[in-house]
Each structure stands twice: as structure tokens, then as C-alpha cells.
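# Geometric and topological summary
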Amino acid sequence: MRIEILGCSASCFPGQYPTAFLVDEHLLVDAGTIGSVLDAQRQSLIRAILITHPHLDHIKELASLADNLLIMGEENSFTVYGLDPVLESIKQHVFNNTIWPDFSRLPNAYSPVLRWSPLESERSYPICGYTVTPFGVNHSVAAAGYKIAREDASFIFSGDTGPTELIWKAAAGISALIVEVSFPNELEQLAVKSLHLTPAMLARELEKLPEIPPLVLVTHVKSSYYGQIAKELAEITLTQLEIMHEGNVYNL
Ligand SMILES: [Zn+2]
Ligand SMILES: [Zn+2]
């Protein structure tokens, strides 16, 4: 399983893009970054997108992908998966024919470029050749993390979350954990209020796992605090822990 990091930043600056991980060529996890880095041919290969939650930094390039693929032609279509309230928010607030067209009816309702497919927490689904299981996590809006498994490789992505429980129970035997850390330790109160993690909070979350995976990848670091967060993560002294960067590729 190949994971290409299109975006893993909690801020937008040149070279730093919001969350999106491309799994092999057809499955995308979150949609903060698509057309900013993928050419037309690679955009046209995307068939399934798993959305963690409706915050703009996790969905914003869905809009241009739908438009691009519609223009490219009818054989290009993709399905967006997520918890029901997550998909409902995106439909109601973005693809509502005011902010952006309802691409689930374009070019027509029978063969649209975009389809919505709601998922239930803790149920496993076959999607694009992977076994995908969403788990509700603890964020300021309805949100899920995902376990994605194929043959002998698997990973968990926490999505945006504060301290949580359910998803960690599924972590036995995974090849990698991708987990958010947004703020430095001194901003723990802000992290608790906005339901994100600091390095110290991550250390407490890792204690809930049945075992520490061979690879722990940190995402969603706020750029302004990068140096401080990197230093505090190093203090966890976990050799398999690293901060991800745009363009990184991990072969699990
Ligand atoms: Zn969020
Ligand atoms: Zn976010």
C-alpha cells in the first residue's frame, strides 16, 4: 500500500497544503488538497474519497475536483464517503447551488460526476479494494477517523480529534498510525477547547493503544508552532515517530 502525502498542514502557505492522503491511485483520504498538486490525469483516476469531517481544510478541493472531472467527461466520476452528518453538512453548506453547484446532479441525476455514500461508525465496508472502517472521534463537529486495510498492510488515520477512545481499540497489528497534533504543549487549553492534540496529549493517547505501531506519523501541525511542536514530539522518544511533510511517500 502506497500513501502519498498531498497535504498534511493545518495552515496554508506555499508548499504547505491542507490534509489529503492518496492511497495507491484511486482512493483519497480527505480532500483538502487535490488539484493544487495532482495533474489532470491523476485527478481523473480518483474513484473514492473518504472524508473525516466537514471543516474546510479537509474538503476544500472537492469543489474543483468535481468541476474538473465534469469537464473531462462522463467516464470520470467519484464517490464521497463519510458519516451521514458529515456528508449532510457538505451537501447543505457547499454543494447547495449557491456556494457551488450540486454536482450530484451534473451532468444529470442518473450519471453524476459525484455520488454521496454515507457510512456508519464501526462498520466495515469494501471500498476500492480496501476494507474501510470509520470510527467516530472527538472533534467540534461530527467527525470520524478511519482504518484502511488491504492484504497485509493497514493504517489508521485519526482525522482531527481531541482525546478519544473507540478508534484506538482497532489499532492492534496496524502498519502505521497517522495522528494529528495541532498545538504545542503550552496551548493545551486551546487544544482541549478546539478538540485537537498537543504532543503531551498525544503521548497520553498512545498509552491507550494495545501496541505502538511500527510507524507513527504526525499530521496537521500548525506552521507557526512547528519548531516547538517538533521539539516536544522528540521528547516522547519514540524512534518510529515522525512529522509528515507534503510530497512524502510511505510504502506500507
Ligand atoms: Zn477540524
Ligand atoms: Zn483540520
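Our subject is the structure that appears above.
Just so you know, these numbers come straight off a predicted model, no measurement behind them.

All right, on to the coordination of the zinc ion (ligand 1) then. Coordination angles at a metal have ideal targets, namely 109.5 degrees for four tetrahedral donors and 90 or 180 degrees for six octahedral donors. Every protein donor of the zinc ion (ligand 1) is listed here as His53 (NE2), His55 (ND1), His139 (NE2) and Asp160 (OD), and their distances to the metal cover 2.2 to 2.4 Å. Around the zinc ion (ligand 1), the four donor atoms sit at angles spanning 89 to 165°, and that spread fits a shape best called irregular. Sequence spacing of the donors to the zinc ion (ligand 1): H-x1-H-x83-H-x20-D. The distance between the zinc ion (ligand 1) and the zinc ion (ligand 2) comes to 3.6 Å, with Asp160 serving as a donor to both metals. One end of the pair, His53, is in the loop between β4 (48-50) and α2 (56-59); the other, Asp160, is in the loop between β10 (153-157) and β11 (176-180), with 107 residues separating them in the sequence.

Every second residue of strand β2 (residues 20-23) is oriented toward a common face, with Ala20 and Leu22 on one face and Phe21 and Val23 on the other, all of them buried. Here strand β1 (residues 2-7) pairs with β2 via four bridges, running antiparallel. Across the sheet, residue Gly7 finds its bridge partner in β2, namely Ala20. Where β2 meets strand β3 (residues 27-29), three bridges bridge the pair, whose relative direction is antiparallel. Looking across to β3, one finds that Val23 is bridged to Leu27. Remark: three residues form the turn of the hairpin made by β2 and β3, two consecutive strands paired antiparallel; Asp24 in that turn has positive phi of roughly 50°.

In a beta sheet, neighbouring strands are held together by backbone hydrogen bonds and run either parallel or antiparallel to one another. Reading across the sheet, the seven strands line up as β6-β5-β4-β3-β2-β1-β14 and stay open at both edges, with mixed pairing between neighbours. The open sheet has two free edges, formed respectively by β6 (114-119) and β14 (249-251), since each of these has just one partner strand. Strand after strand, the sheet turns through a mean of 20° between neighbouring axes, direction not considered. Lying over the sheet, helix α3 (residues 62-72) contacts β4, β5 (78-83) and β6, oriented at roughly 155° with respect to β5. The strands that helix α4 (residues 84-93) touches are β5 and β6; relative to β5, the one it contacts most, it runs at about 120°.

Attention shifts here to the sheet that holds strand β12 (residues 216-219). Across the sheet, which stays open at both edges, the seven strands sit in the order β7-β8-β9-β10-β11-β12-β13 with mixed pairing between neighbours. Since the sheet does not close on itself, it has two edges, and those belong to β7 (125-127) and β13 (241-243), each with one partner. Across this sheet, the average inter-strand angle for adjacent strands is 25°, counted without regard to direction. In terms of strand pairing, β12 meets β13 through three bridges, oriented parallel. Bridge pairing in β13 places Val218 opposite Ile243.

The zinc ion (ligand 2) binds to the protein through Asp57 (OD), His58 (NE2), Asp160 (OD) and His220 (NE2), with metal-donor distances spanning 2.1 to 2.2 Å. Considered as a linear motif, the donors of the zinc ion (ligand 2) on their single chain read D-H-x101-D-x59-H. Here Asp160 falls in the buried class, since its relative accessible area comes to 3%.

Now for α4. Turning to α4, its buried residues number three or more, namely Val86, Leu87 and Ile90. Viewed end-on, α4 has its buried residues packed into an arc of 95°, placing them on one side of the element. Lining the buried residues of α4 we find α2, α3, β5 and β6.

Before going further, it helps to spend a moment on the pattern of salt bridges. This model, assessed by the stated rule, comprises 10 salt bridges. The residue Glu120 makes a salt bridge to Arg123 at a minimum N-O spacing of 3.8 Å. Overall, Glu120 belongs to the partly exposed group, its relative accessible area being 48%.

Further remarks concern the nonpolar core. Core analysis: the largest hydrophobic core is formed by 28 residues, its most contacted members being Ile49, Ile51, Leu62, Phe78, Ile90, Phe95 and Leu114. Looking at this core, the elements that each hand over two or more residues are β2, α3, β5, α4 and β6. Of the residues forming this core, the biggest block, four residues, is contributed by α3. Once residues within four sequence positions are removed from consideration, Ile49 is found in contact with Leu28, Asp30, Ala31, Ile34, Leu62, Leu65, Phe78, Thr79, Val80 and Tyr81.

Each value, and the rule that gives it
Residues numbered from 1 in each chain as written. Chains lettered and ligands numbered in written order. Predicted model: local features only at pLDDT ≥ 70, side-chain atom pairs only at ≥ 80, totals over all residues. Heavy atoms only, no water. Donors = N, O, S within 2.8 Å, 3.2 Å for Na, K, Ca; no water. Tetrahedral: all angles 85-135°; square planar, octahedral: opposite > 155°, others 65-115°. Helix = DSSP H or I, 4+ residues; strand = E, 2+ residues; numbered from the N terminus. Buried < 20%, exposed > 50% of the residue type's maximum accessible area, 1.4 Å probe, protein only. Pairing = 2+ DSSP bridges. Axes fitted to C-alpha atoms, helices over the stretch in contact; angles between N-to-C directions. Contact = heavy atoms within 4.5 Å. Arc of directions from axis to C-beta. Salt bridge = Lys/Arg side-chain N within 4 Å of Asp/Glu carboxyl O. Core = buried A, V, L, I, M, F, W, Y, C linked by side-chain atoms within 4.5 Å.

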